[in-house]
Amino acid sequence: MYLCLELLPPEILLQIFFIEIWYSATLASLARTCQILKEPALDVLWKEIEGFKPLIACLPEHVTKTDIRGRLALKRPLLNEEWRLIVRYTQRVRPLTVRFAHLCNIDDRIIQAFISAPSSTSLFPNLCRLDWRGEQECFFPLFRTLFGPTITSAMLNFTAPSFSEPALVVSLAAFPTFIGVLNAQLLLRLASLSSLKYLSLNLWMYDINHTRSGCTPIYSSPIEEVDVCAPSLPSLTHCLRNVRFLSCQSLNLCIICSEDLPPYDPVDIQDFIVSECLPPNLEKLCFKFVHSYSEEDIYADPSFALGFAAVAPILSFSHLKRIDLDLICNSAIDDISLKKMAQSWPQLEFFFFGSAARWLVPPSLTFVGPAHLIHHCPLLHKIKMPFTAHPVDVNNAPFSNTNLNEKICELFVGISPIVDSAAVACQLHKLMPKLTAVSFYDSNDAEDPVASFIQCGADWSIVNIFLAEFTTGGKKTQGTGAASWSPSWWYSSYTRSHYIAYAGL
């Protein structure tokens, strides 16, 4: 048995221990069994730890004690031999989780000892991920010993930090990923990190009155994604006006609203895009609201509609592939405005614009709007957008000079008024021959649907019947839970004549 184990490479033993053995006590016993099993068992045992108690537990009993408050403490300073013992285990740790309770169960002087550890490298030289959830400032200097060149992710969550002291800012010497709260000093520190790839900013503790600095943070490293979460639109725009991203592929903005407030202020929303902070190579822009506002009257209020002036700052970003402005009200955007938008984003693949919320304000967009999108954005895969769907003259632009798009298989129209379902289905099929169905809001899901809402759903259901007829040739088999049907009589006597007339054949 011993010879068999000796022939196995360490990575195979690691895999066996990781999959088959879960209990720490069992792994510890294996580590004591023989030299061959020791190292692989310790690697699995110490791969991921929570808190600093395991490090203290590995020290000799005569070095540690429990104080009168029940916290772990040291009887004396650690010797070099004991530091080497600790590093023998910490070098195996990849993810480290530190919670508030972990910090309350150890004496502050232990952390001070870790901070002043006599090592030329970090305390955890191979640490890849840190999840820190405690706000005690006395522990912040420890970050300098935790962050090394192997760090790929750091989550720093503080419930009530005080930035009057520079402890946190000074401690964050270098790490490539940050999630947490911030102030101007911290933004500057983050901007200096050349290895930064992913940045997520939580603005809940962001004070717009005390965060402006004399120097604007400029992020020159090629960041893949920036996420910004804020409690209000003013705090979000204030933050964005005070930073610059020279290279960023994706920007996700989120407003988490209070329960007693509408999703956004109609005045503030007109300036929600701060284009000067964004790089020209931006490929994805997402802007969302999280709210539980229950007053349905706002969804019929035209003052919540987003004007073209609010969207205009985005037109300069010609590399955009994905735009998600799905929760705003797009009722003020007309066909001419959408044409300008489509001409500005020739690489667009996903376009979500005003369909996620049940806005009852009639859209200004008509069927001409989607035709402009398909004409100027040939790479489109998916569209979510409400518009007034009625037949258009297929012999005039943009319909007459628009090539069909075989990539689009999904179209969501939210609450879209519709006139002549058969004609609309014909022209949708002409533009998007791979489209088999249109998704829309079902009035059965609304608490108090208005009559027009109900009628829209019924009319779009008819569109789907026609689309299925066009794409399947009147054949639909069982297996989806619905009864089979073959309305070939409908297709031959009514649909075909409509298709010829409205698709321009």
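Parameters and conventions
- Residues numbered from 1 in each chain as written.
- Predicted model: local features only at pLDDT ≥ 70, side-chain atom pairs only at ≥ 80, totals over all residues.
- Heavy atoms only, no water.
- pLDDT = per-residue confidence, 0-100.
- Contact = heavy atoms within 4.5 Å.
- Buried < 20%, exposed > 50% of the residue type's maximum accessible area, 1.4 Å probe, protein only.
- Helix = DSSP H or I, 4+ residues; strand = E, 2+ residues; numbered from the N terminus.
- Arc of directions from axis to C-beta.
- Pairing = 2+ DSSP bridges.
- Core = buried A, V, L, I, M, F, W, Y, C linked by side-chain atoms within 4.5 Å.
- Axes fitted to C-alpha atoms, helices over the stretch in contact; angles between N-to-C directions.
- Parallel < 35°, antiparallel > 145°, perpendicular 65-115°, else oblique.
- Left-handed = near helix turned anticlockwise from the far one by under 90°.
- Nonpolar A, V, L, I, M, F, W, Y, C, P; charged D, E, K, R; others polar.

Digging into the confidence of the model for the protein chain
Averaged over the protein chain, the pLDDT score is 76; the fraction of residues at 70 or greater is 67%. Here residues 19-23 is modelled with pLDDT under 50, and outside its nearest four sequence neighbours on either side it reaches four contacts, counting other chains as well. Note on residues 474-505: pLDDT is under 50 here. Beyond four places in sequence and across chains, it has 47 contacts.

Focus: helix 6 (residues 80-90)
Buried within helix 6 we find Glu82, Trp83, Leu85, Ile86, Tyr89 and Thr90. What you see down the axis of helix 6 is that its buried residues fit within an arc of 155 degrees, all on one side. Residues Asn80, Glu81 and Arg84 are exposed on helix 6 and point more than 90 degrees away from its buried face.

Observations concerning the pairing of strand 10 (residues 223-230)
Bridge analysis of strand 8 (residues 198-202) against strand 10 gives five bridges, and the strand direction is parallel. Its bridge partner being in strand 10, leucine 199 is matched across the sheet by valine 226. Taken together, the seven bridges between strand 10 and strand 12 (residues 248-256) define a ladder with parallel strand orientation. Its bridge partner lying in strand 12, glutamate 225 is registered against serine 250.

Some remarks on the nonpolar core
Counting 88 residues, the largest nonpolar core has Leu236, Phe287, Phe351, Leu428 and Trp460 as its most contacted members. For leucine 428, the residues in contact, after removing those within four places along its chain, are Phe367, Leu411, Val438, Trp460, Val463 and Leu467. Residues Leu74, Tyr89, Val98 and Phe124 belong to the second largest nonpolar core, which totals 36 residues.

Some thoughts on the side chain of serine 250
Here serine 250 shows up in strand 12. A relative accessible area of 8% places serine 250 in the buried class. Those residues in contact with serine 250, other than ones at most four positions away along the chain, are Glu224, Glu225, Val226, Leu282 and Lys284.

A few points about the side chain of asparagine 464
Position of asparagine 464 among the secondary structure elements: in helix 17 (residues 451-472). If we skip the residues at most four places from it in the chain, asparagine 464 touches Thr436, Ala437, Val438 and Phe440.

Considering the packing of helix 14 (residues 335-344) against helix 15 (residues 368-376)
Put simply, helix 14 and helix 15 touch, their axes get as near as 9 Å, and they point 15 degrees apart. Here helix 14 is positioned roughly parallel relative to helix 15, judged by the angle of their axes. Relative to helix 15, the crossing made by helix 14 is right-handed. Contacts from Asp335, Leu338, Lys339, Ala342 and Gln343 in helix 14 reach Val368, Gly369, Pro370, His372, Leu373 and His376 in helix 15. Looking at side-chain class alone, the contact of helix 14 with helix 15 contains five nonpolar, four polar and two charged residues.

Focus on unusual backbone geometry
With omega at 5 degrees, the peptide bond leading from alanine 397 into proline 398 counts as cis. Tracing the chain through its elements places proline 398 in the loop between strand 16 (382-384) and strand 17 (410-412). The phi dihedral of aspartate 420 falls on the positive side, at around 65 degrees, and the residue is not glycine. Residue placement: aspartate 420 occurs in the loop between strand 17 and helix 16 (421-431).

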